[in-house]
Amino acid sequence: MSIVQNRKATHDYSIEERFEAGLVLLGWEVKSIRAGRVQLGEAYVIVRDGALYLLNAHIGTLQTTSTHVVAEPTRTRKLLLHAREISKLIGKVERSGYTLVPLDLHYAKGRVKLALGLAKGKRQFEKRADEQKREWQRDQRRLLKQRTR
């Protein structure tokens, strides 16, 4: 079940591979995520000291949980992956010119997970070509639907 998606990611990047990572969260962050107070629009993933971190993901505070805690909505959160996945991602990012993009936040077996993609940036003409392709497919479906009536 998806909580929030980063729609900007598929527009700006071509996704080569997808990975699922756990997040190191505080209690109030989990409650806020369950309430839907999270945004991934400006978020990105970096490599630091052999680990992956999520930056700029905004998790809003709730009035009921943040009375005794000083909440920082855009703090740096560590991502949890297997060591071989981390080394594979670090190699691709550092050598091949890929970037890591958060795609969506979802539940898996009752836990909050982050789907991140190994991506390459699209150039402007590639974005236009993808948009034209989507519009053509939409028109095809519309025409087929009219013929069946």
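Section: the sheet that holds strand 8 (residues 99–108)
In space, the seven strands of this open sheet follow the order 1-8-9-2-7-5-4, with antiparallel pairing throughout. The strands lining the two open edges of the sheet, one partner per strand, are strand 1 (2–5) and strand 4 (44–48). Taken over all neighbouring pairs, the strand axes of this sheet differ in orientation by 40° on average, direction set aside. As paired strands, strand 1 and strand 8 are joined by three bridges and run antiparallel to one another. Bridge pairing links Gln-5 to Asp-104 in strand 8.

Looking at helix 2 (residues 27–34)
Within helix 2, burial applies to Trp-28, Glu-29, Ser-32 and Ile-33. Projected down its long axis, helix 2 carries its buried residues within an arc of 140°, all on one side. Opposite its buried face, helix 2 presents the exposed residues Gly-27 and Lys-31, each directed more than 90 degrees away. Its buried side turned inward, helix 2 meets strand 1, strand 3 (38–39), strand 6 (58–59), strand 7 (77–80), strand 8 and strand 9 (111–121). Of the residues flanking the end of helix 2, it is Gly-36, one or two places downstream, whose phi is positive at about 85°.

Some thoughts on the nonpolar core
One finds Leu-79 and Leu-105 to be the most contacted residues of the largest nonpolar core, which totals 28 residues. Of all the secondary-structure elements, those providing two or more residues to this core are strand 2 (13–23), helix 2, strand 5 (51–55), helix 3 (83–96), strand 8 and strand 9. By size, the runner-up hydrophobic cluster in this structure holds five residues, among which are Ala-9, Val-101, Leu-103 and Ala-119.

About the cut-offs
Residues numbered from 1 in each chain as written. Predicted model: local features only at pLDDT ≥ 70, side-chain atom pairs only at ≥ 80, totals over all residues. Heavy atoms only, no water. Pairing = 2+ DSSP bridges. Helix = DSSP H or I, 4+ residues; strand = E, 2+ residues; numbered from the N terminus. Axes fitted to C-alpha atoms, helices over the stretch in contact; angles between N-to-C directions. Buried < 20%, exposed > 50% of the residue type's maximum accessible area, 1.4 Å probe, protein only. Arc of directions from axis to C-beta. Contact = heavy atoms within 4.5 Å. Core = buried A, V, L, I, M, F, W, Y, C linked by side-chain atoms within 4.5 Å.

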